[in-house]
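Residues per chain are reported as follows:
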Amino acid sequence: MAPRKIIIDTDPGQDDAFAILFALGSPEDLEVVGITTVGGNVPLSLTTKNALKVVELAGRPDVPVFAGCPAPMVKKLMTAEYVHGETGLDGAELPEPATPVQDEHAVNWMVRTIMAAREGEITVCTLGPMTNLAMAMTMEPRIVPRIREVVLMGGGFFEGGNATPAAEFNIFVDPHAAHKVFHSGVPVTMAPIDCTYTAQMTPEWLGTLRATGSRAALEAANMAEFYCQYGDHKFPTRARPIHDACVTGYLLSPNIYEQRQCYVTVDISSSETIGMTVVDWWHVTGKEKNVNVLRRIEPAPFFDLMLDRISALP
Ligand code: RIB
Ligand code: CA
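Residues numbered from 1 in each chain as written. Chains lettered and ligands numbered in written order. Predicted model: local features only at pLDDT ≥ 70, side-chain atom pairs only at ≥ 80, totals over all residues. Heavy atoms only, no water.

*Asks:* Just to check I follow, could you spell out the pairing of strand β11 (residues 291-297) for this structure?
*Replies:* Buried residues dominate β11, accounting for 6 of its 7 residues. By the bridge criterion, 3 bridges tie strand β6 (residues 188-191) to β11 in an arrangement that is parallel. Along β11, the bridge assignment pairs Thr 189 with Asn 292. Where strand β9 (residues 257-266) and β11 come together, 6 bridges link them in antiparallel fashion. Opposite Cys 262, over in β11, you have Val 291 as the bridge partner. (Buried < 20%, exposed > 50% of the residue type's maximum accessible area, 1.4 Å probe, protein only. Helix = DSSP H or I, 4+ residues; strand = E, 2+ residues; numbered from the N terminus. Pairing = 2+ DSSP bridges.)

As structure tokens, this is what we get:
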């Protein structure tokens, strides 16, 4: 089987970096056609620099990085330095990237790439606010039926939200983009915090990652140790959800996830719950089930696989 072609749309972010390293460590299964960056955890200039640093850390400077939208479609950008640090990749000691960002705007490249590919050939993985993908769908609606699947980290339902009581960060930052993607008709698989909270990265696992000794593993462990510093008020131990890596894990091993096709929409109307993903888990609306919702993960096979793939990098 040829590796699955994916576009990774991202706002690195330490957990984004893990998702990218996990994917680049799986060349038999995944072909990362390109990486598109978006303003999110930190401003676009930093998410773009961080994406370049991560592909170089993986020994894959050949993977092109395209800068996308600096701000959401309607709202003002909200960033998360309180989690990821001022650089967005605090904890890792990585050199300034030698690889330049591509000249083409990410949204233009996304449209051109999907239109040039065979129908159903490209999967779009979004790890941050979905501004780039929503703008691409707006600019060229013909890409929608050509996309194989959108696999996204975002949303929350039984666990509420992490940006507000009702909304998870990626959706809260750009709820209008999320609403457009969820209702576009493209096949969507969503990894909400309900799922990612069951993918708790432990200090013990980080120790095994560090012990594998590659530079990628070492720097991944370094950035993770910074990332795990935030959240003592939310979690009983220093284990933390490695949110975005759950997207890569799904592409590689979907059977370790509890999942259910549901009707899902995004609140874009109210002020109190804007960005809330409303998941019809019990199908009470009778509305079309537009999203495959990932509810839980089996942590052991997930972390074993991620260790195996990241430690395979140089
Ligand atoms: O809520 C978690 C999400 O927000 C992750 O994608 C993290 O990187 C931040 O972007
Ligand atoms: Ca992210």
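*Asks:* What should I look at first to understand empty space enclosed by the protein in this one?
*Replies:* To find leftover empty space, one rolls a probe the size of a water molecule over the atoms. This structure, assessed with the given rule, holds 2 cavities of 30 Å³ or more. Its volume calculated, the largest cavity comes out at about 330 Å³. Lining of the largest cavity is provided by 24 residues; of these, Val 83, His 84, Asn 162, Tyr 227 and His 243 occupy positions nearest its centre. When contributions to the lining of the largest cavity are tallied by element, the ones reaching two or more residues are α1 (14-24), α3 (81-84), α6 (169-173) and β8 (240-241). Here the element with the most residues in the lining of the largest cavity is α3; it accounts for 3 residues. Here the lining of the largest cavity is composed, by residue class, of 12 nonpolar, 5 polar and 7 charged. Empty space within the second largest cavity amounts to approximately 30 Å³. (1 Å grid on protein atoms, 1.4 Å probe; cavity = no way out; pocket = protein on both sides within 12 Å on 5 of 7 lines; lining within 4 Å. Points joined across faces, edges and corners; volume = space filled by probe spheres on them. Nonpolar A, V, L, I, M, F, W, Y, C, P; charged D, E, K, R; others polar.)

*Asks:* What am I meant to see in the environment of Ala 136 here?
*Replies:* Here Ala 136 lies in helix α5 (residues 131-139). We classify Ala 136 as buried; its relative accessible area is 0%. Setting aside anything within four residues of it in sequence, one finds Ala 136 in contact with Val 107, Met 110, Val 111 and Ile 143. (Contact = heavy atoms within 4.5 Å.)

*Asks:* Explain the packing of α1 against helix α11 (residues 245-252) here, please?
*Replies:* To describe two helices that pack against each other, one gives the angle between their axes and the distance between the axes. Taken N-terminus to C-terminus, the directions of α1 and α11 make an angle of 25°; their axes are 7 Å apart at the nearest point. Taken together, the axes of α1 and α11 lie roughly parallel to each other. Note on element contacts: α11 touches α1 through Ala 245, Thr 248, Gly 249 and Leu 252, opposite Asp 15, Phe 18, Ala 19, Phe 22 and Ala 23. For the contact of α1 with α11, the per-class residue count stands at 6 nonpolar, 2 polar and 1 charged. (Axes fitted to C-alpha atoms, helices over the stretch in contact; angles between N-to-C directions. Parallel < 35°, antiparallel > 145°, perpendicular 65-115°, else oblique.)

*Asks:* Help me understand the coordination of the calcium ion (ligand 2), please; the structure alone is not making it clear to me.
*Replies:* Geometrically, a metal with four donors at the corners of a regular tetrahedron has ideal angles of 109.5 degrees, and one with six donors at the corners of a regular octahedron has ideal angles of 90 or 180 degrees. Within the first shell, the calcium ion (ligand 2) binds the protein through Asp 11 (OD), Asp 16 (OD), Asp 16 (OD), Leu 127 (O) and Asp 244 (OD), at distances of 2.2 to 2.6 Å. The sequence pattern describing where the donors of the calcium ion (ligand 2) fall on their chain is D-x4-D-x110-L-x116-D. Of the two residues, Asp 11 is situated in the loop between β1 (4-10) and α1 and Leu 127 in the loop between β4 (122-126) and α5; the sequence distance between them amounts to 116 residues. Accessibility assignment for this pair places Asp 11 and Leu 127 in one class, buried. (Donors = N, O, S within 2.8 Å, 3.2 Å for Na, K, Ca; no water.)

*Asks:* Teacher, can you tell me more about the sheet that holds strand β5 (residues 147-153) here?
*Replies:* Two orientations exist for strands paired in a sheet by backbone hydrogen bonds: parallel and antiparallel. Taking strand neighbours across the sheet as the criterion, the 9 strands line up as β3-β2-β1-β4-β5-β6-β11-β9-β10 in an open arrangement whose pairing is mixed. Bordering the open sheet on either side are β3 (65-67) and β10 (277-280), each of which pairs with just one other strand. Put simply, the sheet's adjacent strands are angled 30° from each other on average, direction ignored.

*Asks:* How should the pairing of β6 be read in this particular structure?
*Replies:* Side chains on a regular strand alternate between the two faces of the sheet. Of the two faces of β6, both are covered, the one formed by Val 188 and Met 190 as well as the one formed by Thr 189 and Ala 191. Pairing geometry for β5 and β6, over 4 bridges, is parallel. Paired with Val 151 across the strands is Thr 189, a residue of β6.

*Asks:* Just checking my understanding: could you explain the packing of aromatic side chains for this structure?
*Replies:* In this description, an aromatic ring pair is defined by two values, namely the gap between the centres and the angle between the planes. If you walk through the whole model with that rule in mind, you get 10 aromatic pairs. A centroid spacing of 6.4 Å and a plane angle of 50° characterise the contact between Phe 18 and Trp 205, whose relative ring orientation is tilted. Residue Phe 18 is found in helix α1, and its partner Trp 205 is found in helix α9 (residues 203-211); the two are separated by 187 residues along the sequence. Here Phe 18 matches Trp 205 in class, with each residue buried. (Phe/Tyr/Trp six-rings, centres within 6.5 Å; stacked < 30°, edge-to-face > 60°.)

*Asks:* Whenever I open this one, the packing of α5 against helix α7 (residues 175-182) confuses me. Can you help?
*Replies:* With their axes 8 Å apart at the nearest point, α5 and α7 run at an angle of 55° to one another. Considering their axes alone, α5 and α7 lie oblique with respect to each other. Judged by the twist between their axes, the crossing of α5 over α7 is left-handed. Contact residues: α5 offers Thr 131, Leu 133, Ala 134, Met 137 and Thr 138, while α7 offers Ala 177, Lys 180 and Val 181. A breakdown of the residues in the contact of α5 with α7 according to their chemical character gives 5 nonpolar, 2 polar and 1 charged. (Left-handed = near helix turned anticlockwise from the far one by under 90°.)

Everything listed here is a matter of coordinates, which is why it stays silent on function.
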